[in-house]
Amino acid sequence: MSAQCCAGQLACCCGSAGCSLCCGCCPKIRQSRSTRFMYALYFILVVLLCCVMMSRTVANEMKERIPFYEDICKGIKAGDTCEKLVGYSAVYRVCFGMACFFFIFCLLTLKINSSKGCRAHIHNGFWFFKLLLLGAMCSGAFFIPDQETFLNAWRYVGAIGGFIFIGIQLILLVEFAHKWNKNWTAGTATNKLWYAALALVTLIMYSIAAGGLILMAVFYTQKDGCLENKILLGLNGGLCLLISVVAISPCVQNPLDEHGKNVTICVPDFGQDLYRDENLVTGLGTTLLFMCILYSCLTSTTRSSSDALQGRYAAPELEVARCCFCFGPDGEDTEEQQNVKEGPRVIYDEKRGTVYSYSYFHFVFFLASLYVMMTVTSWFNYESANIETFFSGSWSIFWVKMASCWMCVLLYLGTLVAPLCCPSRQFSV
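Residues numbered from 1 in each chain as written. Predicted model: local features only at pLDDT ≥ 70, side-chain atom pairs only at ≥ 80, totals over all residues. Heavy atoms only, no water.

**Q** Got a minute to help me understand the overall build of the protein in this structure?
**A** Across its full length, the protein carries 16 helices and three strands. In the protein, which comprises 429 residues, the share counted as buried stands at 40%. Carbon and sulfur atoms make up 67% of the accessible area of the protein, which totals about 24700 Å². (Helix = DSSP H or I, 4+ residues; strand = E, 2+ residues; numbered from the N terminus. Buried < 20%, exposed > 50% of the residue type's maximum accessible area, 1.4 Å probe, protein only. Areas by Shrake-Rupley, 256 points an atom, 1.4 Å probe, with all protein chains shown as cover.)

So this is what it looks like as structure tokens:
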């Protein structure tokens, strides 16, 4: 029994099937999914570390509860109060290490089409050693000389990478909307109930959008002020109306301040009780934020998403309408419909070839590392950033989100009018 346990632990550290081999009670899992799960777990661990580093509450608790705290900080040369291990500069260093980790694996896994090679085995196994490598790279970033120059330069790299990550997600979001419509429309040829399903979903989506605009107008505007909020709400509402009209048009269907003045507060006043639950709101909000980031990383690294970014789409006549249109008819990913061989607790679904691009997978996580770095440190308001006030509002975060919204509208509008501007070209989404 002990020999089997040791063998399982060794497989977990060095094997190619992830940690599902270590636990007999774990459900069977495909090799491709277990590998992506393990990299996602590493990503989550570093993100949690970044949140801790940006938390003033955690820093204060450590000072009060850890004996000889200042002596320990001086001993590890982290400053008198370990100031080098907290704040935006520490997050920049840790995310630099994580970004380098994924970038190295991006280069290492270039042009891998078979899971049988040496590089593929490195990608799919050696989890313990890769965890050590990730920890070493994140720790080693604190010893980079000329920290001020490094931080200034890395900040711009992070901003560029973060914007690229947002762009990829917006492209895939637009592609998702078109794919949904195309798949369910394909079903109307054999069953008219798909028209009712499309109409119902459309009604629900427009109701949510209209309700959101109304609620924001009620809570975030005042009768005698909040002009900026009114302008932005009107602009975004108008853009939604514009793309709706374009989408259904026949041509598209066919192919108190320092001077003593009163200042209006343009945020909802829910009373002081809200601040009593500030830690709960921060924790829940942070969890939801990074769950969305992780979901974006994993969904944007599938074979179908990679093909969509390169302009390759399935032929419309091959579409089979399904409620869960992101999956195959039998409930599995369409990218993984291959002859699989089952192991002890893992299904080896990459015997004939890889079911997703290893290199692209690591590249997306490299960009996600930069996006997390910029988001946690409030983008360009990094000096005053901390995780407790992350959801209190930041103009940098506000304008990044607003620009992303406008960019998404322009991308969607572009996919609608492109066939009209270039009728000789074939556009397929």
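**Q** Just to check I follow, could you spell out the nonpolar core for this structure?
**A** Buried together is how nonpolar side chains tend to be arranged in soluble globular proteins. Counting residues in hydrophobic clusters, the biggest one holds 61 residues, and the most contacted among them are Phe43, Phe101, Phe102, Phe165 and Phe365. Put simply, the parts of the chain that give this core at least two residues each are α2 (31-53), α5 (88-108), α7 (127-140), α8 (147-187), α13 (278-299), α15 (358-376) and α16 (395-421). Ranked by the residues each element gives to this core, the list is headed by α15, at 14 residues. Among all residues touching Phe102, those that are not within four sequence positions of it are Tyr39, Phe43, His362, Phe365, Phe366 and Ser369. (Core = buried A, V, L, I, M, F, W, Y, C linked by side-chain atoms within 4.5 Å. Contact = heavy atoms within 4.5 Å.)

**Q** What is the right way to look at the UniProt feature "transmembrane region" (unreviewed entry) in the protein in this model?
**A** Feature annotation in UniProt places "transmembrane region" (unreviewed entry) on residues 38-59, 90-110, 125-144, 156-174, 194-219, 280-298, 360-380 and 400-422, given in this structure's numbering. The annotated region residues 38-59 carries 91% helix and 0% strand content, and the separation between its end C-alpha atoms amounts to 29 Å. (UniProt positions renumbered as here; feature names shortened; annotations may be inferred.)

**Q** What should I look at first to understand the packing of α5 against α15 in this one?
**A** Helix packing geometry: the angle between the two helix axes and the distance between the axes. Remark: α5 packs on α15, axes separated minimally by 8 Å, with the N-to-C direction vectors making an angle of 170°. In this view, α5 runs roughly antiparallel relative to α15, as classed from their interaxial angle. On α15, the residues that touch Val91, Tyr92, Cys95, Met98, Ala99, Phe102, Phe103, Phe105 and Cys106 of α5 are Ser359, His362, Phe363, Phe365, Phe366, Ser369, Leu370, Met373 and Met374. Considering only residue class, the contact of α5 with α15 consists of 15 nonpolar, three polar and no charged. (Axes fitted to C-alpha atoms, helices over the stretch in contact; angles between N-to-C directions. Parallel < 35°, antiparallel > 145°, perpendicular 65-115°, else oblique. Nonpolar A, V, L, I, M, F, W, Y, C, P; charged D, E, K, R; others polar.)

**Q** Can you help me understand the state of the cysteines in this one?
**A** Scanning all chains against the criterion turns up zero disulfides. Looking at Cys50, it has no disulfide partner, and the nearest cysteine sulfur is the one in Cys95, 3.6 Å off. Classification of Cys50 by relative accessible area gives buried; the value is 0%. (Disulfide = S-S within 2.5 Å.)

**Q** Looking at this structure, how should I read the side chain of Lys130?
**A** Note that Lys130 resides in helix α7. By relative accessible area, Lys130 is classed as buried at 4%. Here His123 takes part through its backbone oxygen, which lies 2.9 Å from a polar atom of the side chain of Lys130. In contact with Lys130, other than residues within four places in its own chain, are Tyr39, Tyr42, Phe101, Phe105, Ile122, His123, Asn124 and Gly125. (Polar contact = N/O pair within 3.5 Å; in protein donor to acceptor, adjacent residues only side chain to side chain.)

**Q** Quick question: what am I supposed to make of unusual backbone geometry here?
**A** Keep in mind that most residues, glycine aside, have a negative phi and that most peptide bonds are trans. Phi is positive for Lys111, close to 60°, though the residue is something other than glycine. For Lys111, the location among the structural elements is in the loop between α5 and α6 (118-124). Overall, the relative accessible area of 77% leaves Lys111 in the exposed class.

**Q** In this structure, what is going on with the packing of aromatic side chains? I would like to understand it.
**A** Aromatic ring pairs are defined here through the distance separating the ring centres and the angle between the ring planes. Considering all chains together, one arrives at 26 aromatic pairs under this definition. On the basis of an interplanar angle of 55° and a centroid distance of 6.5 Å, the ring pair of Tyr39 and Phe102 is categorised as tilted. Of this pair, Tyr39 sits in helix α2 while Phe102 sits in helix α5, and the two are 63 residues apart along the sequence. In this pair, the class of Tyr39 matches that of Phe102, namely buried. Judged by centre distance (5.6 Å) and plane angle (85°), the rings of Trp180 and Trp184 are edge-to-face. One end of the pair is Trp180 and the other is Trp184, both in helix α8 and four residues apart, which spans about a single turn. On the basis of relative accessible area, Trp184 is assigned to the buried category, the value being 8%. A network of ring pairs unites the aromatic residues Tyr39, Tyr42, Phe43, Phe101, Phe102, Phe105, Trp127, Tyr356, Tyr358, Phe361 and Phe365 as a single cluster. The ring centre of Tyr356 lies 4.4 Å from the NZ or CZ of Arg36, which sits over that ring. Above the plane of the ring of Trp127 lies Lys130, whose end atom (NZ or CZ) is 3.8 Å from the centre. (Phe/Tyr/Trp six-rings, centres within 6.5 Å; stacked < 30°, edge-to-face > 60°. Lys NZ or Arg CZ within 6 Å of the ring centre and 35° of its normal.)

**Q** What is the right way to read a nonpolar patch on the surface from this model?
**A** The grouping of Ile214, Leu215, Met216, Val218, Phe219 and Tyr220 at the surface amounts to a nonpolar patch, some 570 Å² of accessible area in total. Residue position: Leu215 is located in helix α9 (residues 193-219). (Patch = residues over 30% accessible without salt bridge, like charges linked within 9 Å, V, L, I, M, F, W, Y side chains within 5 Å. Salt bridge = Lys/Arg side-chain N within 4 Å of Asp/Glu carboxyl O.)

**Q** I keep staring at the packing of helix α10 (residues 227-248) against α16 and nothing clicks. Help me out?
**A** α16 packs onto α10 with a crossing angle of 15° between their chain directions and a minimal axis gap of 10 Å. What the angle tells us is that α10 and α16 run roughly parallel. Both α10 and α16 take part in a crossing whose hand is left-handed. Seen from α10, the contacting residues are Leu232, Leu235, Asn236, Leu239, Leu242, Ile243, Val246 and Ala247; seen from α16, they are Phe398, Met402, Cys405, Trp406, Val409, Tyr412, Leu413, Leu416 and Val417. Classifying every residue of the contact of α10 with α16 by side-chain character gives 16 nonpolar, one polar and no charged. (Left-handed = near helix turned anticlockwise from the far one by under 90°.)

**Q** For this particular structure, what's the right way to read the environment of Gln31?
**A** You can see Gln31 is positioned in helix α2. Exposure remark for Gln31: the relative accessible area of 5% places this residue in the buried category. With 93 residues separating them in the primary sequence, Gln31 and Asn124 have C-alpha atoms 8.1 Å apart.

**Q** Looking at this structure, how should I read the environment of Tyr358?
**A** Residue position: Tyr358 is located in helix α15. Those residues within four positions of Tyr358 in sequence are excluded, and the remaining contacts are Thr109, Ile112, Ser115, Ala120, His123, Asn124 and Glu350.

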